[in-house]
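In case you want the letters, here they are:
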2 protein chains.
Amino acid sequence: MAASRDTILGTIQRYVDLVGAGTAAEIVDLYAVGATVEDPVGSEVRSTRESILEFYSGLEGLEQQSTLLSVRIAGTEAAFQFELITKAGDQTYTLSPIDVMTFDDDGRIASMRAFWAGEDMAVS
Amino acid sequence: MAASRDTILGTIQRYVDLVGAGTAAEIVDLYAVGATVEDPVGSEVRSTRESILEFYSGLEGLEQQSTLLSVRIAGTEAAFQFELITKAGDQTYTLSPIDVMTFDDDGRIASMRAFWAGEDMAVS
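Everything numeric in this text was worked out from a predicted model, so none of it was measured.

(A) Summary view of the side chain of Gln64 of chain A. Residue and element names in this part refer to chain A. When you line up the elements, Gln64 lands in strand 2 (residues 63-74). For Gln64, a relative accessible area of 12% corresponds to the buried category. A polar contact of 2.8 Å, which involves the side chain of Gln64, links it to the side chain of Thr86. With near-sequence residues (within four places) excluded, Gln64 lies in contact with Val19, Gly20, Leu59, Leu84, Ile85 and Thr86.

Below, the structure written as structure tokens:
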């Protein structure tokens, strides 16, 4: 049976929380076996657990805050916008991508595509 | 050559404006030949000009206001959220879907998928 709206919403909220303050392994555990990650859209699609782990490892150790801004769920797919604030030295980087995900029957992420470009990054 | 970021942004802004206050024919003119529309995601994909025209004809004559809330463009694809307020009698319906579009080299919409569900509609 397809994952429920609440289950999907829970996965999204946990994903956003973990991107801000989790480990790469915790994030990858939200993904289904065989899942794909394309971040940003147009870049090479990552399709192995190792390559997805490598992608999120780049976030580990950064001082970050993440907030879910808006979610729209349609069946077993969803689009949502979240804000990720990263502090590095004296600078603060703010990015709020729109991610599109599909989900398997257990509410695990089957695919993720992140819509953003360099122009969307604010530095202060 | 692929459509520029500015061209894509122009198409999106015009799309949102027309959904609020344009005719179905004006909206369909933003679409490329052979384009597809899936609104909401999970519903039947419309792939002929006639069926897309029929879809937007349902909006004609309604008292509506539309506002683009947020756009993220990645290459020749984009995700954006907009608010559509519809007044019907004493009631006001507010919906802010997240749409995902791909664009052809001329900046015309090659595909549109709208993420929303009944739960996202506010009635006041």
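(B) Up close: the UniProt feature "domain: SnoaL-like" (unreviewed entry) in chain A. Under the UniProt annotation, "domain: SnoaL-like" (unreviewed entry) lies at residues 12-111 of chain A. For residues 12-111 of chain A, the end-to-end C-alpha separation is 12 Å, with 24% helix and 46% strand making up the annotated structure.

(C) Region of the structure containing unusual backbone geometry. Cis peptide bonds are those with omega within 30 degrees of zero, and the linkage from Asp39 of chain A to Pro40 of chain A qualifies with 0°. For Pro40 of chain A, the location among the structural elements is in the loop between strand 1 (31-38) and helix 3 (49-57).

(D) Summary view of the interface of chain B and chain A. Counting from both sides, the interface comprises 22 residues of chain B and, opposite them, 22 residues of chain A. In total, about 1800 Å² of surface goes out of reach between chain B and chain A, with carbon and sulfur atoms giving 54% of it. Taken as a group, Arg72, Ile98 and Phe115 of chain B account for 33% of the area that chain B buries against chain A, more than any other trio of residues on that side. Applying the counting rule to chain B against chain A returns eight salt bridges. We note a salt bridge from Arg72 of chain A to Asp120 of chain B, for which the minimum N-O separation is 3.8 Å. Taken together, the links from chain B to chain A amount to eight residue pairs in polar contact (both at pLDDT 80 or more). Listed by contribution, the elements that provide at least two residues to the side of chain B that touches chain A are strand 2 (63-74), strand 3 (77-88), strand 5 (98-103) and strand 6 (109-115) of chain B. Of the residues contributing to the side of chain B that touches chain A, the split by class is 13 nonpolar, three polar and six charged.

(E) Spotlight on the relation of the copies chain B and chain A. Once chain B is rotated about the relating axis by 180° and shifted along it by 0.0 Å, it coincides with chain A to within an RMSD of 0.0 Å. Overall, the copies show the geometry of a two-fold rotation axis. The share of interface residues of chain B whose copies in chain A are also at the interface is 100%, consistent with both copies meeting through the same surface.

(F) Representation of the pairing of strand 6 (residues 109-115) of chain A in the model. Residues and elements named next belong to chain A. Burial runs high along strand 6: five of the seven residues are buried. Pairing analysis gives four bridges linking strand 1 to strand 6, with the strands arranged parallel. When the bridges of strand 6 are listed, Tyr31 appears paired with Ile109. When strand 5 (residues 98-103) meets strand 6, the two strands line up antiparallel, connected through six bridges.

Cut-offs applied
Note that residues are indexed from 1 along each chain, following the sequence as it is written. To label them, take the chains in the order written and letter them from A, then take the ligands in the order written and number them from 1. Given that this is a predicted model, residues contribute local features only at a pLDDT of at least 70 and side-chain atom pairs are listed and counted only at 80 or more, while totals for whole chains, interfaces and linings are drawn from all residues. Side-chain figures throughout are based on the complete set of non-hydrogen atoms in the structure, without hydrogens or water. Helix and strand assignments come from DSSP, with helices taken as H or I runs of at least 4 residues and strands as E runs of at least 2, each series counted from the N terminus. Each residue gets one of three labels from its accessible area relative to the maximum for its type: buried under 20%, exposed over 50%, partly exposed in between, using a 1.4 Å probe on protein chains only. Nitrogen and oxygen atoms within 3.5 Å of one another constitute a polar contact, given that in protein one can donate a hydrogen and the other can accept it, and given that sequence-neighbouring residues count only through two side-chain atoms. By definition, residues are in contact when any of their heavy atoms lie within 4.5 Å. UniProt positions are given in the numbering used here, feature names are shortened, and annotations may be inferred rather than shown by experiment. Defined here as a combined quantity, buried area equals the accessible surface (1.4 Å probe) lost by two parts on assembly, summed across both. Note on definitions: salt bridges are taken to be side-chain nitrogens of Lys or Arg within 4 Å of carboxyl oxygens of Asp or Glu. When residues are sorted by character, Ala, Val, Leu, Ile, Met, Phe, Trp, Tyr, Cys and Pro go into the nonpolar class, Asp, Glu, Lys and Arg into the charged class, and all the rest, Gly among them, into the polar class. A least-squares superposition brings the copies together, and it is based on the C-alpha atoms of residues with pLDDT no lower than 70 in both. Pairs of strands are assigned from DSSP output, requiring at least two bridges between the strands.

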